[in-house]
Each structure stands twice: as structure tokens, then as C-alpha cells.
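# Observations on chain architecture
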Amino acid sequence: MKLIAITTPNFWHGEHLSICRLLDSGWTRVHIRKPAASKCQISNLIENIPAKYWHSLSLHDHFDLAIKYNLGGVHLNQRNPLPPHGWNGLISRSCHSIEETRQYSHLDYVTLSPIFNSISKPDYLSNFSANELRNANLSTVYALGGVTFSRIKELKELGFSGAAMLSEAWKTKMEILQLITHTDIGLEDALRGGCRWVQLRMKEASDFEFSEMAKKILPLCRNYGATLIFDDRVSLVDELGADGVHLGKKDMCVEKARQILGPTKIIGATANTEEDVLNAFKSGADYIGLGPFRFTTTKKGLSPILGLEGYSRIMSYCSSQGITIPVVAIGGIGIEDLQDLRQTGVNGVAISGLILKSNDKKLITKSIIDIWKN
């Protein structure tokens, strides 16, 4: 199924890098939708994206920039109901009824919303029944509104040609490797080795000490297009500009953190059992840190050790229950464990000591990623 990502209304650090990563990973298009942005702001964003990606971009505003940069498409809406004069690229449009999709069937494609209750707009509720959608011709229609990866199969069965996502697209930036660190020492070497997900974990530090370290780490992550997650410290995420938070079993609950952080921040949750995983999934966590794999000295108060058998059992449970959010293995993982862990079905690994204690952090990071990919 074809996937379209719609940008958030606000601009954020590293946005252009995330757009490139989405397109590299197989997304069909990215719609640049920022209603309050000036032409100069949109132009700056486009110019930060390499030209090879421009054919995969569609604008919702400032259509003259689509011509200037030879972009791939424009998206019509109430603000901009007509394409620019002489436009030869793709034309799409927002629709909110089946009748509208028929009216604009001559366009390349349309979005229809809200198919499900919206994630980013709590009061934007679904208007369509399953029977109504099944009886419509949705061959050039992309579902929008409340769309998540777990509902792709349902959308296919309803007949949609694709799905468009806002919140879900930018939250689900899962990487093979998560580096858990308490320091900026050696971090740039790991980033040079390909690490693109960093969790800052300083359980014993004060908020001031944590903030000072975060201020050192954040610019490094932004320079390399890496995601930065705080362990616990929900109150500091927006203040310091992090991408999200990871919550342990004794930390704030996922639902409360979501109320504070909103729909576009990443929220991860720790799990040790099938019940933990199911609760995290139902609570709206974006990913699960599942562990520990084996004993580790980097964390106090360990839950029961899982081992390969435990991971295989829990991943089979996830499959049987339709739990589709990414699962990351954590806890005492060595380079020799990677191939076996990958076979259990987990999506990646969270590692601390293996990298931080290495004399060549760039090389060990690259090796972890290469082994996992191959």
C-alpha cells in the first residue's frame, strides 16, 4: 500500500533529514503542509532537502514554489482550490465525503478524512461506515485521519489505494540501534558510525545536571539527524527540544505522558512480560523496550531475565495479538548475540556498555548495524 506523510504544522530541527529518511525507506510522497508558514520558510525547508527528493514532495501552500523547484505535486484545499497556471505535475485534493471523491476523480489522487478518529485532532471524529467505504470506488483515494500502521490491512480490505499519516509518520522513526548513554563523551564517534537514535539516561542526576548534559548532546544529534529520547524526564522534553521520552515500569504512565507531550512526540515503554507489552500497546506507546536479555550492571532492580527463549515467546504473542509497534531488545547484549536476537523477531537493540566501553566507538557501532542488516 502506498504511504504519504504529511508534515506537522510547525518546523523542527532535523525535519529535512527525517523527510529524506522516510522517502528512502519507501514512503511514496511527503506533503509539506504548514498553513501559517511564509514562502521564505517553505523555501528554506525545500532547499535543505537534496534535489533528488523534490519530485516526491507536494505543497499545500505557496504553489509558485512547486514551479520554482520543479516539485512533484500540489495539493488543493480550501485555501488553494486551483493549481498554478501551466502546472504539469501531480494534482491531489482534500475530500471529506464520498461524493467529493467522485467529483474530483479526474485528479491524480485525493485524500478522504476522517476515516478513523483523528490522532492529532481529538474532536475530529470518523464520519464513515465500513459498508459505505466498501461500496465506494477508492482506487485513487488515500485514507486520512487516525491512520496507523496497525490499520493498514483494514484499509486494504476497504479498497483504499493508500494511506496518509501525520502524527504516526513522524513518531515511528525506529532505528536498528538505540544507544543509551549518560554522557556526551564518545557520542559523536557513535553517530559517525551510523547510530541515529540516542537515549539520555541519568537516573541519579538532578534535573539541572540532566539538562546541562542534554544541551551538549542535542546539537550532536541534530547535526547527524539522530532522534534524541529522554529517559523519564517528561517535563524536560518540550523545554529542551527532545524528540520524546522512554518510560520505565515505575515512571509516569504512557497515557499521562501523552496528555503532556501531545501526539507527535515519541513515547517508549519498558516491558518484561506479555502483559506489560499488551498494556503498553493499548496505552498508545510508540515502541517497547523489552528486556532484560541477560544480567547487566548498567541498571538496578532488574526484572527477570528473558534470554532468547523469552524474546521468541513474547514476539510470538505479539504476532498472535496483532501488536505491531516496534520492539527493541535491551540488557547486556553483546556483538555475538545480534544474529540470534534478530531471529526472534525484535526490531532492533538498545545498547549501552558495548559501545561506551569500546576503544573504537565508531567501528563497534558500524559493526552492530552491519551485522543486524546482513
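Before reading further, recall that the structure is shown in the block above.
Overview of the structure. The residue numbers shown here count from 1 along each chain, following its written sequence. With the structure being a predicted model, the display of local features is reserved for residues of pLDDT at least 70 and the display and counting of side-chain atom pairs for 80 or more, all residues being used for whole-chain, interface and lining totals. The basis for the side-chain values is all heavy atoms of the structure; hydrogens and waters are excluded.

### Concerning the sheet that holds strand β6 (residues 109-112)
We apply this condition: Note on pairing: two strands pair once DSSP finds at least 2 bridges between them. Runs of H or I in DSSP of at least four residues are treated as helices and runs of E of at least two as strands, each being numbered from the N terminus. A fitted line through C-alpha atoms represents every axis, and for helices the fit uses only the stretch in contact; the resulting angles, taken between N-to-C directions, go from 0 to 180 degrees. Residues count as neighbours in contact if any of their non-hydrogen atoms are within 4.5 Å of one another.
If you walk around this closed barrel you meet the eight strands as β1-β2-β3-β4-β5-β6-β7-β8, and the pairing is parallel. Averaged over all pairs of adjacent strands, the angle between strand axes in this sheet comes to 30°, irrespective of strand direction. Where strand β4 (residues 73-76) meets strand β5 (residues 90-95), four bridges bridge the pair, whose relative direction is parallel. Note that in β5 the partner of L76 across the bridge is R93. Contacts from helix α1 (residues 15-24) reach β1 (2-6), β2 (29-32) and β3 (57-59), with the element oriented near 150° to β2.

### Some points on the side chain of K361
To keep things clear, this is the line we draw: Note on exposure labels: buried denotes an accessible area under 20% of the residue type's maximum, exposed denotes more than 50%, and partly exposed covers the range between, all computed with a 1.4 Å probe on protein chains only. Counting rule for charge: Lys and Arg are taken as positive, Asp and Glu as negative, and neither His nor the chain ends is counted. Salt bridges are defined as contacts in which a side-chain nitrogen from Lys or Arg sits within 4 Å of a carboxyl oxygen from Asp or Glu. Any N or O atom pair separated by 3.5 Å or less is treated as a polar contact, with the protein-specific requirement of one donor-capable and one acceptor-capable atom, and with residues adjacent in sequence counted only for side-chain atom pairs.
Turning to its location among the elements, K361 is positioned in helix α16 (residues 361-373). We note that K361 is buried and unpaired, the nearest opposite charge coming from D189 at a distance of 6.1 Å. Separated by 3.4 Å, the side chain of K361 and the backbone oxygen of L356 make a polar contact. Excluding residues that lie within four positions of it along the chain, K361 makes contacts with I185, G186, D189, A190, I355 and L356.

### A look at the environment of P50
Along the chain, P50 turns up in the loop between α2 (39-48) and β3. As for P50 and L363, which are separated by 313 residues in sequence, their C-alpha atoms are 28 Å apart.

### Side note on the pattern of salt bridges
Scanning the entire structure with this criterion turns up 19 salt bridges. Two residues, R222 and D243, come together in a salt bridge whose shortest N-O distance is 3.1 Å. Of this pair, R222 sits in helix α9 (residues 207-223) while D243 sits in the loop between α10 (234-240) and β12 (244-247), and the two are 21 residues apart along the sequence. Each of the two residues, R222 as well as D243, counts as buried. The network of salt bridges with common partners includes R201, K203, D231 and D251.

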